[in-house]
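Residue strings, one per chain:
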Amino acid sequence: MLDIALGLLTVFCAVAVFASFATETYVRLFAVRARLMRKRLDTHFDDAKWIDGVLASYRRVHGLGANPTRIDPDGIAAIMHKNLPTAPERVRAKVRAWQHEQGSGDALVTQLSGLRAQLKEDNLWRTKLRLFLAGLLLAIAINADAVRLVGGLQHNPVLVHAAAASMTDDDLASAAKATGHLWPLMGWGSDTTGPDTSDQGWPLRILGWLITAAAASLGAPFWFDLLRMVRSRSKGPGEEAKEETPTPERPPADGTAPSQPVLPQPPFAGFVPQGPPCLSSASDLADLARIAYLDDDEAAAELAAAGLQVVSFLNDTANDTQGFIAYGRGAIFVTFRGTEPSGIDAGTDGRFLRQAAAWSATTCEVHTGFNESLPEALWQDILTALESPALRDLPVWFSGHSLGGALATLAAARLHHAKQRIAGVVTIGQPRVGCELFATWYDTTLGLRGRHWRIVRGADPVTMLPPAAIGYRHVGTQLYLNQDGGFREAAPNWLQYLDTAIDVIQGKASEAIDDHSCDDYVKALSALRPS
């Protein structure tokens, strides 16, 4: 069964690579993305001639020979502000109306950010359609019939593993090698390597082509990631990499002293106070989330060892909200403790019906339990500490694990909405916090998407809650830590769902729960931090 799965994944990956190459060539040759972007701008501002002048100025400023293929909200808004005095009255009226409706902030940047999101959605489904059509033509041309392939793969494990081993790089050469290994199972010649399927009939053959084309529409990165994950997760005990015993380093022949081994950085040695988050700062902030679970004395000792001084410990007994505020290394750190096995925390997590976030001055709705765990009295204590004379000019970092990550998100939104002091937010194992409108307001209007790293490890089930099916959406940029010790920024959700499915299929469902461990998050991030 595994051989068949590996073989199909390899074929789908190879077809998707060639389909991606063909569609990307078409898109670039005919400037499809630039034309679609131009059409969006013309429709939204209702004046093609004025947009022509804006884009011409943008090209001169950025040294471009053609219109950009994506909307740059800040750059295009800056050009638009310069060109507004000469714009038609209907354009100026639109901008005034948008500014009045929004209030504070740059309305043009907000409008262009929304257009960029719409354009991304348009390009997504158009790309999938192009990949499907290219994949279908390719499947017919080489007779990559998925139904027929299943029969051939059952009888050719050697070809399967040779092809899977060839898919090492995300390029055409790798795909060509893999296709060459599996060519005897495709093509329009007679099938000499498996059962005779020439009489399967046209309906099944067409179905096989359509399945292959549908697989191509998912894109080559999807199949590369899936193939790597299945191969790595399906290794038997005998295939595990053996630990090598390090041998002493011999002195160089020229008599100079041997080079010293590179040691890991101590905590906060590579921390950059002004952000945005990086792997080093993510590791440091994750360690603070771990410290938040300790008793006050233990936490103070560990923070001191990291070069940080405690300002105050947070403790709201009514909601069992705990954490600390510390400063040092050129920044302030506000960290919240995650869920502990207490009735209060369980009740907090369980109150997932949403309520209006009155402090946001919008119609956003957020998780009731999380929102009420950050009561006004506690919030005022946090503000008082942050506004003290010694700290008021320092950038603020928020962090937390699980429930603590949700509270860190809400606190960052509240502070940035009022004061705009957020340097960064790093959360680990964080559940969803609010509705789609809240996520858009947090990411785009407040501009926190690039400053918030939401770290997800393996099949951590808490990060899938509350479910998107009842209107919840995640915020920030996801950093996905896979089971092999690697990571991927802005990873799609299917990677996590696949990890969960593999754990269940292999009878390791308990490992999904273990993936939520704060200590394991810290270890995984520590292994990734630069030396």
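Computed from a prediction, not measured in an experiment: that's the story for all the values here.

Peer 1: Is there a simple way to explain unusual backbone geometry in this structure?
Peer 2: Outside of glycine, negative phi angles account for most residues, and trans bonds account for most peptide bonds. Note that the residue after Leu-465, namely Pro-466, is joined by a cis bond; omega there is -20 degrees. As for its placement among the helices and strands, Pro-466 is situated in the loop between β9 (452-457) and β10 (472-473). A positive phi is found at Ala-31, a non-glycine position, where the angle reads about 50 degrees. Relative to the helices and strands, Ala-31 is located in the loop between α1 (2-29) and α2 (32-45). Judged by its relative accessible area of 36%, Ala-31 is partly exposed. Its identity is not glycine, yet Asn-143 carries a phi of approximately 55 degrees, on the positive side.

Peer 1: Explanation requested: the pairing of strand β2 (residues 321-328) in the structure shown.
Peer 2: Two faces, one strand: in a regular strand the side chains alternate between the faces of the sheet. Across the eight residues of β2, six count as buried, placing the element largely inside the fold. Here seven bridges tie strand β1 (residues 309-316) to β2, and the two strands are oriented antiparallel to one another. By the bridge assignment for β2, Phe-313 is matched with Phe-324. Counting the residues in the hairpin turn of β1 and β2 gives four residues, including Asp-320, whose phi is positive at 60 degrees. Both β2 and strand β3 (residues 331-336) contribute to a ladder of six bridges, which runs antiparallel.

Peer 1: What should I look at first to understand the packing of aromatic side chains in this one?
Peer 2: Aromatic ring pairs: the centre-centre distance and the angle between the two ring planes describe each pair. With the rule as written, the count across this model stands at seven aromatic pairs. Between Phe-438 and Trp-441, the aromatic rings sit 6.1 Å apart at their centres with planes inclined by 45 degrees, giving tilted as the arrangement. Linking Phe-438 with Trp-441, this pair stays in helix α18 (residues 436-445), spanning three residues, or about one helical turn. Note on Trp-441: relative accessible area 7%, which makes it buried. Among the aromatic residues, those joined into a cluster by ring pairs are Trp-359, Phe-438, Trp-441 and Tyr-442. Arg-205 extends its terminal NZ or CZ atom over the ring of Trp-202, reaching a point 5.0 Å from the ring centre. Looking at Arg-354, its charged tip hangs above the ring of Tyr-472, at a distance of 5.2 Å from the centre.

Peer 1: Would you take a moment to explain the sheet that holds β2 for this structure?
Peer 2: Whether parallel or antiparallel, the strands of a sheet pair through hydrogen bonds between backbone atoms. The mixed open sheet is built from eight strands, whose spatial order is β1-β2-β3-β6-β7-β9-β11-β12. In this open sheet, the two strands that pair with only one neighbour each are β1 and β12 (487-489). Averaged over all pairs of adjacent strands, the angle between their axes in this sheet comes to 15 degrees, without regard to strand direction. Bridge analysis of β3 against strand β6 (residues 396-401) gives five bridges, and the strand direction is parallel. Looking at β6, one finds that Thr-335 is bridged to Ser-399.

Peer 1: I tried to follow the nonpolar core on my own but got confused; where do I start?
Peer 2: The nonpolar side chains of a soluble globular protein tend to be buried with one another. Within the largest apolar cluster, 40 residues are counted, with the highest numbers of intra-cluster contacts made by Phe-336, Ile-382, Phe-398 and Phe-438. Listing elements by their share of this core, those giving two or more residues are β3, α16 (376-386), β6, α17 (403-418), β7 (422-428) and α18. Sorting elements by how many residues they give to this core places α17 first, with nine residues.

Peer 1: Mind showing me how you'd approach the pattern of salt bridges here?
Peer 2: As a working rule, side chains carrying opposite charge can pair if their charged atoms are close by. Scanning the model with the defined rule gives 17 salt bridges in all. For Arg-33, the salt bridge goes to Glu-24, with nearest N and O atoms at 2.9 Å. With a shortest N-O distance of 3.0 Å, Glu-376 and Arg-414 are connected by a salt bridge. Taken together, the residues span a long stretch of sequence, with Glu-376 in helix α16 and Arg-414 in helix α17 at a distance of 38 residues. Exposure remark for Arg-414: the relative accessible area of 9% places this residue in the buried category. Through salt bridges with shared partners, a single network forms among Glu-24, Arg-28 and Arg-33.

Peer 1: Explanation requested: the packing of α2 against helix α5 (residues 89-102) in the structure shown.
Peer 2: Two measures define how a pair of helices packs: the angle their axes make with one another and the distance between the axes. Here α2 crosses α5 at 85 degrees, and the two axes come no closer than 10 Å. Considered as vectors, α2 and α5 are oriented roughly perpendicular to each other. Contact residues: α2 offers Thr-43, His-44 and Phe-45, while α5 offers Val-91, Lys-94 and Trp-98. For the contact of α2 with α5, the class distribution of residues is three nonpolar, two polar and one charged.

Peer 1: Explanation requested: the confidence of the model for the protein chain in the structure shown.
Peer 2: Detailed reading of the predicted coordinates is not advisable wherever pLDDT is low. Residues of the protein chain with pLDDT of at least 70 account for 77%, and the chain-wide mean is 79. Counted against residues more than four places away or in other chains, residues 190-198, with its pLDDT under 50, gives 13 contacts. Across residues 236-263, confidence stays below pLDDT 50; counting only partners more than four residues off in sequence or on other chains, it has seven contacts.

Conventions used here
Residues numbered from 1 in each chain as written. Predicted model: local features only at pLDDT ≥ 70, side-chain atom pairs only at ≥ 80, totals over all residues. Heavy atoms only, no water. Helix = DSSP H or I, 4+ residues; strand = E, 2+ residues; numbered from the N terminus. Buried < 20%, exposed > 50% of the residue type's maximum accessible area, 1.4 Å probe, protein only. Pairing = 2+ DSSP bridges. Phe/Tyr/Trp six-rings, centres within 6.5 Å; stacked < 30°, edge-to-face > 60°. Lys NZ or Arg CZ within 6 Å of the ring centre and 35° of its normal. Axes fitted to C-alpha atoms, helices over the stretch in contact; angles between N-to-C directions. Core = buried A, V, L, I, M, F, W, Y, C linked by side-chain atoms within 4.5 Å. Salt bridge = Lys/Arg side-chain N within 4 Å of Asp/Glu carboxyl O. Parallel < 35°, antiparallel > 145°, perpendicular 65-115°, else oblique. Contact = heavy atoms within 4.5 Å. Nonpolar A, V, L, I, M, F, W, Y, C, P; charged D, E, K, R; others polar. pLDDT = per-residue confidence, 0-100.

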